[in-house]
Structure formats: structure tokens, C-alpha cells
Amino acid sequence: MAKAFGIVSSADNTIYVDGLQDYRPIGSFSFLGRFRVVDFPISNMSNSDINRIQVYLQSKPRSLCEHIGSGRHYNINSKRGKIQLLFSENTSSRSIYNNDISAYKANIDYIQRMHEEYVIVAPSYMVYKQDYRQLLESHIASGAEITVLYHKVENARSYFKGCHTVVLNKQKGVQAIEKNLGTASNKNILMDTYCMRKETFIELVQDASWMSSIYTLPDIINLYCKQMDVRAYQHKGYFASLTSLDDYYHASMELLDYNIASDLFKADWPIYTRTTDSCPTQYFETAKVTNSFISNGCLIEGTVENSIIGRGAVIGKGVTIKNSIIMAYTEISDNIHIENAVVDKWAKIVNAKNIIGTELQPQYIKRRDIL
């Protein structure tokens with residue numbers, strides 16, 4: 001799809017995942033033990049024949065830079081393709097001025113130099129599968145100035161609280177973009193994915209920057225949707241927005257269901273990631289593992305049920321892990337019970353015998369914590 005280039009945006013400054021985001025951006029979060037969240041938008045673009053991609057980075061970019069690297073593992077055309085890592089000038093993660101528009105404005109020269117006529121903008125904090133060729137074809141056929149991607153949900157009261165919603169008319173024209181305040185269960189969630197001409201995108205960035213330093217791309221589109229032709233394209237299939245620790249936990253746990261996971265992972269639509277060469281996981285005689293994702297390089301002597309175990313984790317004898325996410329290189333000593341928890345990388349759990357949260361409020365253990 002040579003007509004479009006891709007932009008992978010950072011999370012809105014109003015979104016902050018307590019605990020995990022203290023160490024890295026959402027795009028760098030481990031997902032299902034093997035992937036990073038940013039792998040999904042980049043893979044969608046690569047599979048849609050988008051070979052020129054800009055990835056925007058804000059605070060704590062080191063892990064994301066290391067993971068993306070040259071981008072060769074995303075199967076991007078080596079002669080014509082390119083991944084650019086672009087930085088925002090404002091590096092304060094919680095600043096209201098550190099938003100997508102400020103990042104685009106700071107790198108407007110790189111956007112203007114792109115030869116493609118259209119741009120596809122996708123977020124680095126959402127997980128879904130989408131052929132952007134279909135989105136672009138629908139956008140061109142409709143004659144719209146902007147097309148946004150949205151997903152109908154029935155649990156907006158409990159989840160997606162950091163997201164925007166779209167108000168549509170009968171012709172799927174966008175009448176307004178609003179914040180999801182959790183007041184209703186049925187909502188059309190804006191997937192922060194946009195398709196438009198490059199010139200239109202540049203005009204929106206310049207107008208938003210001139211009007212207010214705190215305007216975001218959804219803000220300026222909401223302001224202009226009554227005078228511009230803004231259409232909505234419905235996404236179908238698996239969709240998760242990782243805007244809170246609860247959302248991250250819920251999205252990870254539901255993918256332990258094979259029927260749900262098979263909707264996201266398709267043989268003809270691979271999700272690319274940087275691979276790590278290490279030995280297979282070793283299961284000892286006392287190990288018992290059921291309905292779990294286990295990464296390579298682990299040593300498992302205990303019981304693991306309905307959980308996700310990251311690379312190189314060590315699970316001792318008599319350990320019971322249920323409904324939990326154990327990230328890479330975590331060490332869990334003998335006879336410890338962990339349930340409904342998210343344990344960050346490099347944590348060592350030695351003395352704490354019971355770590356128990358709930359499905360709605362999972363317990364979080366900090367990175368490098370020794371308990």
C-alpha cells in the first residue's frame with residue numbers, strides 16, 4: 001500500500017498505568033510473555049504493505065528503542081521501507097503539554113517529507129488486528145476528509161475509561177468525540193486510529209498547535225467534525241485498550257481462552273516481534289502447568305494455573321501461581337502462593353508467602369522488589 005505511510009503514536013498524557021508505566025511507556029509493556037504492545041500496530045502496518053513508519057516516543061524511551069531497533073524483524077521492505085523513531089521535545093511524561101500534537105509539531109519536517117499521499121495513525125497502547133488497506137479503501141471510496149476506526153463494546157462502564165468515544169449519525173458520520181466517563185455500558189470506543197490525506201493531517205496539527213498547547217488530535221477533530229466530513233469505520237474482532245493496570249490484566253487474562261486468542265492470532269496475519277535466543281523452559285517432576293502461556297528459558301518446579309510467565313522466570317518448589325502475570329526474570333522462592341497479581345520484571349519474592357489480589361483489582365509487585 002504505497003499510497004500511505006504509518007504513524008504509531010504515544011499514549012495520551014491523561015493515560016497512566018500505575019506501576020508498570022513508572023519504568024517504560026505502554027508500547028513497551030510485555031504482552032503474553034513474548035510480545036511488546038507496540039508490535040501490534042507495527043505488524044498491522046507491515047502486513048498492510050505500509051513500509052514507511054514513524055514511531056513517536058516520549059518519556060523513558062530506552063526499552064522501546066532497544067526493542068524496535070532497525071525494524072528488520074517487522075518484515076518491512078529492506079530497500080524501500082524504513083522505521084523512524086521520533087522524539088518529543090517535552091520529555092515530562094505527566095505534563096499536559098506533552099501530547100501527540102506537540103510531538104507531531106516538533107517533527108513536522110519529517111512528516112512533510114513523506115512522499116505518500118495518505119497517512120494512517122495508530123496508537124501504541126491498543127491491541128487489535130486490522131488490515132489498513134480496507135480502511136484506506138473505505139476512506140477513499142467515501143470521499144471523506146477523515147476516517148476514524150471504532151469498536152462497539154458492551155463493558156464501557158467497567159473498562160476503556162481512559163479512552164474516547166464517538167457519537168455517530170445513521171450514515172456513520174462522526175458528530176462528536178467524547179471521553180468515556182463510565183456512565184454507560186454500550187459505547188463506540190474510538191481506537192485512536194485515523195486515515196486522512198497527509199495535507200489534512202498537517203493542517204490539523206498546525207491548527208491545533210496554534211489554538212491551544214493542550215489540544216490533542218482527538219480534540220481538534222472533535223472541534224472540526226461539524227464542518228469537515230468525518231466518517232467512522234467499524235472494527236470487528238479482538239480489541240483491548242491498555243489504559244490502566246486493570247485493563248492490562250483483563251486483556252492478558254482473556255487471551256488465555258483459545259477461542260479469543262485465535263481471533264487475534266492468525267496464520268495469515270503474523271504479529272512480528274524481536275526474538276530472544278534461549279533454551280526451552282525446563283519443567284521439573286514437581287511442576288504442574290495448566291492453561292497458561294509459558295515463555296522460553298524458565299525453570300518451573302511449582303504449580304501454574306491460568307497464568308502468563310515471562311522469559312527466564314524461576315518458579316520454586318511448592319509455589320502456586322493462579323490467574324497472574326509473572327514478567328521476565330522474576331524469581332519466586334519455594335512455597336509461595338500468588339493469585340490475581342502482576343509481578344514486574346526482575347522481582348524476587350522470597351519471604352512473602354501470600355500475594356493475593358482480586359480479578360477487579362490485581363495486586364502489583366514492583367520491578368526489582370525483594371519481598
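In this numbering scheme, every chain counts its residues from 1 along its sequence in written order. Thresholds applied to this predicted model are a pLDDT of at least 70 for local features of residues and 80 or more for the giving and counting of side-chain atom pairs; totals over whole chains, interfaces and linings are not thresholded and use all residues. In computing side-chain values, all of the structure's heavy atoms are included and hydrogens and water are not.

K.L.:
When you look at the layout of surface pockets in this model, what are you seeing that I'm missing?
P.N.:
In this model, the largest pocket occupies a volume close to 450 Å³. Here a cavity is any set of points on a 1 Å grid over the protein atoms alone where a 1.4 Å probe fits but cannot get out, and a pocket is any open set with protein on both sides within 12 Å along at least 5 of 7 lines; a residue lines the site when it has an atom within 4 Å of a point. Considering the residues around the largest pocket, the lining is formed by 22 residues, among which Arg36, His67, Arg311, Ala328 and Lys345 are closest to the centre. Put simply, the parts of the chain that give the lining of the largest pocket at least two residues each are β3 (35-36) and α2 (62-68). Looking at the lining of the largest pocket, the element that brings in the most residues is α2, giving four residues. Residue classes in the lining of the largest pocket are distributed as four nonpolar, nine polar and nine charged. Grid points are joined across faces, edges and corners, and a volume is the space filled by probe spheres set on the points. Looking at the second largest pocket, its volume works out to about 270 Å³. Looking at the second largest pocket, it is lined by 16 residues, and the ones nearest its centre are Asn155, Phe160, Phe239, His250 and Glu254. Runs of E in the DSSP output that reach at least two residues are strands. Runs of H or I that reach at least four are helices, and both are numbered from the N terminus. For the lining of the second largest pocket, the secondary-structure elements that each account for two or more residues are β8 (146-153), β13 (239-241) and α8 (245-254). Of the residues forming the lining of the second largest pocket, the biggest block, four residues, is contributed by α8. Throughout this entry, Asp, Glu, Lys and Arg are counted as charged residues, while Ala, Val, Leu, Ile, Met, Phe, Trp, Tyr, Cys and Pro are counted as nonpolar. The remaining residues, Gly among them, count as polar.

K.L.:
Is there a simple way to think about empty space enclosed by the protein in this case?
P.N.:
Empty space left among the atoms is revealed by rolling a probe the size of a water molecule over them. In total, this model carries four cavities of 30 Å³ or more according to the counting rule given. Put simply, the largest cavity is a space of about 230 Å³. The class makeup of the residues in the lining of the largest cavity is nine nonpolar, eight polar and three charged. Counted as a void, the second largest cavity has a volume near 150 Å³. Looking at the lining of the second largest cavity, the elements with two or more residues in it are α3 (100-106), β11 (187-197) and α7 (217-224).

K.L.:
What is the right way to read the environment of threonine 275 from this model?
P.N.:
By the element assignment, threonine 275 lies in the loop between α9 (258-264) and β14 (282-283). On a C-alpha basis, the gap between threonine 275 and glutamate 331 in space is 22 Å, while along the polypeptide they are 56 residues apart.

K.L.:
Honestly, the side chain of serine 46 in this entry has me stumped. Any pointers?
P.N.:
Along the chain, serine 46 turns up in helix α1 (residues 39-47). Only protein chains enter the accessibility calculation, which uses a 1.4 Å probe; a residue whose area is less than 20% of its type maximum is buried, one above 50% is exposed, and one in between is partly exposed. Using a relative accessible area of 7% as the deciding quantity, one classes serine 46 as buried. With sequence-adjacent residues up to four places away left out, serine 46 is seen in contact with Tyr74, Asn75, Ile76 and Tyr272. Note on definitions: a residue-residue contact is assigned when non-hydrogen atoms from the two residues lie within 4.5 Å.

K.L.:
Would you explain unusual backbone geometry in this entry?
P.N.:
For residues other than glycine, phi is negative in most cases, and the peptide bonds are mostly trans. One non-glycine residue, asparagine 291, lies in the positive phi region at around 45°. The topology assignment puts asparagine 291 in the loop between β15 (288-290) and β16 (293-294). Residue classification places asparagine 291 among the partly exposed positions, given a relative accessible area of 45%.

K.L.:
Explain the sheet that holds strand β25 (residues 341-343) here, please?
P.N.:
In any sheet, the strands associate via hydrogen bonds between backbone groups, in a parallel or an antiparallel arrangement. One open sheet accounts for five strands, arranged β16-β19-β22-β25-β28; its pairing is parallel. In this open sheet, the two strands that pair with only one neighbour each are β16 and β28 (363-365). By the convention used here, strands pair only if DSSP detects at least 2 bridges between them. In the sheet, strand β19 (residues 308-309) pairs with strand β22 (residues 325-326) via two bridges, with the strands oriented parallel. Paired with isoleucine 309 across the strands is isoleucine 326, a residue of β22.

Shape is all these values report; function is a separate question.
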